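A look at the structure
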Amino acid sequence: MPEIVFRTQGVTKVYDTGELKVHALAGIDLELFAGELSVLLGPSGSGKSTLLNILGGLDHATEGRVWFRDLELTALGDRGLTRYRRDHVGFVFQFYNLVPSLSARENVQLVTDIARDPMAAEEALEMVGLGHRLDHFPAEMSGGEQQRVAIARAIAKRPEVLLCDEPTGALDSKTGVQVLEALKAINDTLGTTTAVITHNAMIRKMAHRVIYFQDGRVARVEVNEAQIAPSEISW
Ligand SMILES: Nc1ncnc2c1ncn2[C@@H]1O[C@H](COP(=O)(O)OP(=O)(O)OP(=O)(O)O)[C@@H](O)[C@H]1O
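Source: prediction; values computed, not measured.

Here we come to unusual backbone geometry. With a phi close to 50°, Arg69 is a non-glycine residue in the positive phi region. For Arg69, the location among the structural elements is in the loop between β4 (63–68) and β5 (71–72). Assessed through the 13 C-beta atoms surrounding it within 10 Å, Arg69 is described here as partly exposed. Positive phi, close to 55°, is recorded for Glu166, a residue that is not glycine.

Read across the sheet, 6 strands follow the order β6-β7-β8-β3-β9-β10 without closing on themselves; strand pairing throughout is mixed. Two strands in the sheet have a free side with no partner beyond their single neighbour: β6 (89–92) and β10 (217–223). Within the sheet, the average angular offset between the axes of one strand and its neighbour, ignoring direction, is 15°. Of the strands in this sheet, β3 (37–41), β7 (161–165) and β8 (193–197) touch helix α6 (residues 173–190), which is tilted by about 155° from β8.

Within soluble globular proteins, side chains that are nonpolar tend to cluster in buried spots. Within the largest apolar cluster, 57 residues are counted, with the highest numbers of intra-cluster contacts made by Val108, Ile151, Ala152 and Val196. Apart from residues no more than four positions distant in its own chain, Val108 is found in contact with Ala121, Ala124, Leu125, Val149, Ala152, Arg153 and Ala156.

What follows deals with the sheet that holds β5. The antiparallel open sheet is built from 4 strands, whose spatial order is β2-β1-β4-β5. Of all the strands in the sheet, just β2 (21–33) and β5 have a single pairing partner and so form its edges. Relative to β5, β4 runs antiparallel, the two being bridged by 2 bridges. Within the sheet, the bridge partner assigned to Phe68 lies in β5 and is Leu71.

Here we take up the site of the ligand. Residues in contact with the ligand amount to 13 residues; listed here are only the nearest, Tyr15, Ala24, Ser44, Ser49 and Thr50. For the shell around the ligand, the secondary structure elements donating two or more residues are β2 and α1 (48–55). Per element, the largest residue contribution to the shell around the ligand is 3 residues, and it comes from α1. Class assignment for the residues of the shell around the ligand results in 4 nonpolar, 8 polar and 1 charged.

For the rest of this paragraph, the subject is the UniProt feature "domain: ABC transporter" (unreviewed entry) in the protein chain. Residues annotated by UniProt as "domain: ABC transporter" (unreviewed entry) correspond here to residues 6–233. Overall, residues 6–233 shows 29% helix and 28% strand. The separation of its end C-alpha atoms is 28 Å.

This brings us to the confidence of the model for the protein chain. Of the residues in the protein chain, 100% have a pLDDT of 70 or more, and the chain-wide mean is 95. Prediction confidence for the complex, expressed as pTM and ipTM, is 0.95 and 0.91 respectively.

Here the focus is the environment of Val221. Inspection of the secondary structure puts Val221 in strand β10. Given 12 C-beta atoms within a 10 Å radius, Val221 is considered exposed. Considered as a pair, Val221 and Val111 are 110 residues apart in the sequence and their alpha carbons are 34 Å apart. Setting aside anything within four residues of it in sequence, one finds Val221 in contact with Arg209 and Ile211.

What counts, and at which threshold
- Residues numbered from 1 in each chain as written.
- Predicted model: local features only at pLDDT ≥ 70, side-chain atom pairs only at ≥ 80, totals over all residues.
- Helix = DSSP H or I, 4+ residues; strand = E, 2+ residues; numbered from the N terminus.
- Buried ≥ 20, exposed ≤ 12 C-beta atoms within 10 Å, placed from the backbone.
- Pairing = 2+ DSSP bridges.
- Axes fitted to C-alpha atoms, helices over the stretch in contact; angles between N-to-C directions.
- Contact = placed C-beta atoms within 7 Å.
- Core = buried A, V, L, I, M, F, W, Y, C linked by C-beta atoms within 7 Å.
- Near = placed C-beta within 6 Å.
- Nonpolar A, V, L, I, M, F, W, Y, C, P; charged D, E, K, R; others polar.
- UniProt positions renumbered as here; feature names shortened; annotations may be inferred.
- pLDDT = per-residue confidence, 0-100.

Here it is as C-alpha cells:
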C-alpha cells in the first residue's frame, strides 16, 4: 500500500457572502497516495477547486482536518501555510500566468532562483518537451507550450505534490494531450504525487485514481488497474 500523502477528515467549507452562505464542501473524507496521479471529476460547483485550494494551502477549511503527511495543515497559520506551499507544492492553473517579457528559461528561473534544491531551468523544460524552446517568449508559443512552461516552472523546485486546476481547460485536444504527456512524464520520472481537476471525463483513463465530486461531497472513488497513455486520449 503506498504511503498516504494527503488525508482529510470531515472537511467543510462555507463561503459566507453576507446574504448567502454557500456550502462548497459538505464533509470530505479523502486520502491521496504517494506517487499517484489522481483525477478529480464532477459538475461545475461541486467543490473540486475548493478542495484543491485547501490541500495546497491556498485556503482554509471551515471545519474538519487536513494532513499533508504528518503535518496538519488545518493547524497552521498563514505563515506556516506559506512555508508549506513554498517547500512542498507546485501549482498549475488553467491560465498560465507567464511573464510575457521573459523567455521560457527566465520564467522558470524566477522559481529556481529562490528554491532550496531546484533542478536547472533547462532540465525542467526538457522534462516537458521544451528543451528546444528555452529562449522563446510566451507570445511565440502555443497555448499548450505556454502551459508546459508553467508546468516546468511548477516542478523546477521538485515539489512533492503537483496540484493542477483545469490544466487543459483552455486547450484543444492535440495541445492538451501534450500537456497531459508532460504531467505523466513528471509523475513517472519524479514520482510527484499529482492531482488534476478536469471537466473532461476522458482524462480519467490516464489516472491511477478517479475521485468523483457531487454537491460538495466525494460521491465515489475508482482505482484504475491500468492507465492508458495520454496519446490515446482525445476530445
Ligand atoms: N470565493 C468564493 N466565494 C463564494 N462562493 C464561492 C467562492 N469560491 C467558490 N464558491 C462557491 O463554492 C462552490 C464550489 O465551487 P468550486 O469552484 O470549488 O467548484 P468546482 O467543482 O471547482 O467548479 P468548476 O468545475 O466550475 O470550477 C460553488 O457554488 C461556488 O460558487
